[in-house]
Amino acid sequence: MNDQPGQPLRELPALDSLLRDPSVIPLVGRHGRAAVASWARTALDAQRARLISSGLSHSRAELVSEALTAISENAVAAHLSSLRRVINATGVVLHTNLGRAPLADAAVAAVAEAARYASVELDLASGKRLYRGYQLDARWRDLSGAEAGFAVNNCAGATLLALAGLAAGKEVVVSRGELIEIGGAFRLPDIFRLSGAILCEVGTTNRTRLSDYRKALTSQTGALLLVHPSNYRQIGFVESVALADLVSLGREHGVPVIHDVGSGAMFDLAPYGLPGEPVVSESVRAGADLVLFSGDKLLGGPQCGVLVGRKVLVERLRESPMARALRVDKLTLAALQATLQIYAAGDPLRDIPALRMLVETVSAIRSRAERFRLDTALPLVPLDGFSAVGGGALPGIALPTALLRIEPTGRSADALAERMRRAPVPALGRIENDAVLLDFRTVLPGEESSLAATLRCALEGV
Ligand SMILES: *Cc1c(COP(=O)(O)O)cnc(C)c1O
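Here is what the cut-offs are and how they apply
Per chain, residues are indexed from 1 in the order of the written sequence. Selection of residues for local features in this predicted model requires a pLDDT of at least 70, selection of side-chain atom pairs for listing and counting requires 80 or more, and totals for whole chains, interfaces and linings are taken over all residues. Values shown for side chains rest on all heavy atoms present in the structure; no hydrogens or waters enter the calculation. The helix count covers DSSP runs of H or I at least four residues long, the strand count covers runs of E at least two residues long, and both are numbered beginning at the N terminus. A simple rule labels every residue: compare its accessible area, found with a 1.4 Å probe on the protein chains alone, to the largest value its type can have, and call it buried under 20%, exposed over 50%, or partly exposed in between. Between two residues, a contact is recorded if the distance between any of their heavy atoms is within 4.5 Å. In this description, accessible areas are obtained by the Shrake-Rupley approach with a 1.4 Å probe, and a residue is regarded as covered only by the protein chains that are shown. In this tally Asp and Glu are treated as negative and Lys and Arg as positive; neither His nor the chain ends contributes. A single reference atom marks each charge: NZ on Lys, CZ on Arg, CG on Asp, CD on Glu. Note: two strands are recorded as paired if DSSP finds a minimum of 2 bridges between them. We call a crossover right-handed when, viewed with both strands directed away from the observer, the connection leading from the first strand over the helix to the second proceeds clockwise. Polar contacts, as used here, are pairs of N or O atoms within 3.5 Å; protein pairs need one atom able to donate a hydrogen and one able to accept it. Residues neighboring in sequence count only if both atoms are side-chain atoms. Between N-to-C directions, angles cover 0 to 180 degrees, with each direction set by a line fitted to C-alpha atoms, over the stretch in contact for helices. Working definition of a nonpolar core: buried Ala, Val, Leu, Ile, Met, Phe, Trp, Tyr and Cys residues. They are joined through side-chain atoms within 4.5 Å. Near residues are defined by distance, with any heavy atom within 4 Å of the molecule or strand qualifying the residue. In what follows, salt bridge is the name for a side-chain nitrogen of Lys or Arg lying within 4 Å of a carboxyl oxygen of Asp or Glu.

Caption draft 1: Molecular detail of the overall build of the protein. A tally of regular secondary structure across the protein gives 19 helices and 16 strands. Expressed along its principal axes, the backbone C-alpha trace of the protein runs to roughly 95 × 55 × 50 Å. Looking at the protein as a whole, 47% of its 462 residues qualify as buried. The long-range fraction of contacts in the protein, counting pairs at least 24 apart against all pairs at least 6 apart in sequence, stands at 74%. Of the accessible surface of the protein, which amounts to about 21700 Å², a share of 54% is contributed by carbon and sulfur atoms. Separation between the mean location of the 50 positive side-chain charges and that of the 48 negative ones in the protein comes to 4 Å.

Caption draft 2: View of unusual backbone geometry. For Arg100, which is not glycine, the phi torsion reads 50° and is therefore positive. By secondary structure assignment, the location of Arg100 is in the loop between strand E2 (92–94) and helix H5 (105–114). One non-glycine residue, Asn433, lies in the positive phi region at around 50°. Position of Asn433 among the secondary structure elements: in the loop between strand E15 (430–432) and strand E16 (435–439).

Caption draft 3: Representation of the pairing of strand E8 (residues 221–227). E8 sits mainly inside the fold: seven of its seven residues count as buried. Strand direction decides the pairing type here: strand E4 (residues 171–175) and E8, joined by three bridges, are parallel. Among the inter-strand pairings, Val173 is bridged to a residue of E8, identified as Leu224. Strand direction decides the pairing type here: E8 and strand E9 (residues 257–262), joined by four bridges, are parallel. Bridge pairing links Val227 to Asp260 in E9. On the question of chirality, the crossover connecting E8 to the parallel E9 by way of helix H10 (residues 243–253) is right-handed.

Caption draft 4: Just the side chain of Asp439, in detail. Assignment of secondary structure puts Asp439 in strand E16. Reaching out from Asp439, the side chain makes a polar contact with the side chain of Thr401 at a distance of 2.9 Å. Leave out the neighbours within four places in its chain, and Asp439 touches Asn88, Ala89, Thr90, Gly91, Phe386, Ser387, Thr401, Ala402, Leu403 and Arg430.

Caption draft 5: Looking closely at the environment of Arg421. Tracing the backbone shows Arg421 in helix H18 (residues 413–422). Classification of Arg421 by relative accessible area gives partly exposed; the value is 41%. When the C-alpha positions of Arg421 and Ala458 are compared, they lie 8.7 Å apart, and in sequence the two are 37 residues distant. Sequence-distant contacts of Arg421, defined by excluding residues within four places in its chain, comprise Leu80, Pro426 and Ala427.

Caption draft 6: Expanded view of the sheet that holds E15. Here we have five strands laid out as an open sheet, ordered E2-E12-E13-E16-E15, and mixed in their pairing. Sheet topology places E2 and E15 at the edges, where each strand pairs with a single neighbour. When strand polarity is set aside, the average angle formed by the axes of neighbouring strands in this sheet is 45°. Contacting strand E13 (398–406), E15 and E16, H18 crosses the sheet at an angle of about 45° to E16.

Caption draft 7: Region of the structure containing the nonpolar core. Core analysis: the biggest nonpolar cluster contains 62 residues, and Trp140, Tyr213, Leu224, Phe293, Val308 and Val389 have the highest contact counts within it. In this structure, Phe293 is in contact with Trp140, Cys155, Val261, Gly262, Gly264, Met266, Val280, Leu299, Cys304, Gly305, Val306 and Val308, ignoring residues within four places of it in sequence. Counting 31 residues, the second-largest nonpolar core is a separate cluster that includes Leu161, Ile180, Leu292 and Ala323.

Caption draft 8: Layout of the site of the ligand. Around the ligand sit 13 residues in total, of which Ala156, Ser230, Asp260, Ser294 and Lys297 are the nearest. Ser294 has a polar side-chain atom sitting 2.6 Å from an oxygen atom of the ligand. At 2.7 Å, a side-chain N or O of Lys297 approaches an oxygen atom of the ligand. When the ligand is considered free in solution it has 380 Å² of accessible area, and contact with the protein chains removes 95% of it. Counting residues per element, the ones that place at least two in the shell around the ligand are helix H7 (155–167) and E9.

Caption draft 9: Region of interest: the sheet that holds strand E7 (residues 198–202). The mixed open sheet is built from seven strands, whose spatial order is E3-E11-E10-E9-E8-E4-E7. Looking at which strands have only one partner, the edges of the open sheet turn out to be strand E3 (148–152) and E7. Direction aside, neighbouring strands of the sheet carry axes that sit 25° apart on average. Contacts between helix H12 (residues 311–318) and the sheet are confined to E3, strand E10 (290–294) and strand E11 (305–309), with E3 contributing the most and set at about 30° to the helix.

Caption draft 10: A look at the pattern of salt bridges. Scanning the entire structure with this criterion turns up 28 salt bridges. As a salt-bridge pair, Arg310 and Asp289 come within 2.7 Å of each other at their nearest N and O atoms. Residue Arg310 is located in the loop between E11 and H12, and its partner Asp289 is located in the loop between helix H11 (280–285) and E10; the two are separated by 21 residues in the primary sequence. On the accessibility criterion, Asp289 (5% relative accessible area) is buried. Through salt bridges with shared partners, a single ionic network connects Glu121, Arg129, Arg132 and Arg327.

Caption draft 11: Just the side chain of Thr221, in detail. Among the secondary structure elements, Thr221 is positioned in strand E8. From its side chain, Thr221 meets the backbone nitrogen of Thr218 in a polar contact 2.8 Å long. Setting aside anything within four residues of it in sequence, one finds Thr221 in contact with Lys170, Glu171, Val173, Ala216 and Val255.

Printed below as a string of structure tokens:
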């Protein structure tokens, strides 16, 4: 710094010279000239303002180096804010912020295969045009026992479509105990408002009886809706109505019953320590006219929402203009088809990663963690803990797991976690008692060497 008065702005570097700097040229290649130029301009503007207000001058070299630092920090920030693969060592299997269910290998391959041109709305046998998703018709029937089914963008979309398509301008009866918020602005009353169906709440927060639904039925009733309270549990003085009873009531009055089961379990997970999730086929068997569920929760597939049920209703909804606005793309269809194929002819507990993770025994997880600890010789301490299902499924279920605690490093856990996020392959653990814990339940096979590299990178310099 020198303080010769006069022209402090004279030493400001030119924008073009910054963009031609050897350290900046690759950034222009990666992020584009417009983005890098705007970072450079912002840096220069800040320098100009500071020079004017302080009246001090700096050498050209100082200003250039400062601007280059600012540009490279912007490039790092842009890289970190792009969509990146991450290693999930949080132990939360259906981590909404990490894209919920990780796809099966076959689904990943199917996505790549279908990504260019694919027979999305074409029947290859006849050469004729067919509706989107027809490829999965038989799968939905076989898996759920329902007459028909199809997929839309997500379960919120499936709910919106069902309400709008079956009950716009009519009342839909739902228990006060089931007016749920799923998160990310899915609040049932808001979905009702969007759909044009009129929300008719019955019962109380903790107790709703069949007689409550019965009293609410009028000529204006468009449907009865039962919603699985996926992400919370009521205990104590509670009462709710069984689907079968609601179905009888609906039949009596000629009103369809919609069951939003949420997580889309295809079979009972109770034998694996995961009780309480409704099974889609049981809901169909109990007589629900429409069953709605997510594709990326316990089904273990891509983001989508599925409607299965009576053919007339499913077809009516499939052909409505709103279905067009909620339709899935070819990548989703490809992933879904491959996922359902595993249910049909494969071994879902082995080949659907979310299910495999959920049923993996603590001893299997412990041996993977222990092998990692010994192979990498990183400063890791084994300890016992619990994993969560996540994704608004199975609240309160804690699965025993084996953890590795990263040894105290002289850095705070937050600082270490940040370094892990900034590594070339970002990894997320969870923080407890100011330590970063790694839960191997959600670390995929084959990710060990990337995780080790990330930890080495995060631990560097301590
Ligand atoms: C998760 C969930 C939804 C929302 O599903 P998305 O696929 O996230 O839109 C709706 N209803 C229930 C009961 C759920 O559990």
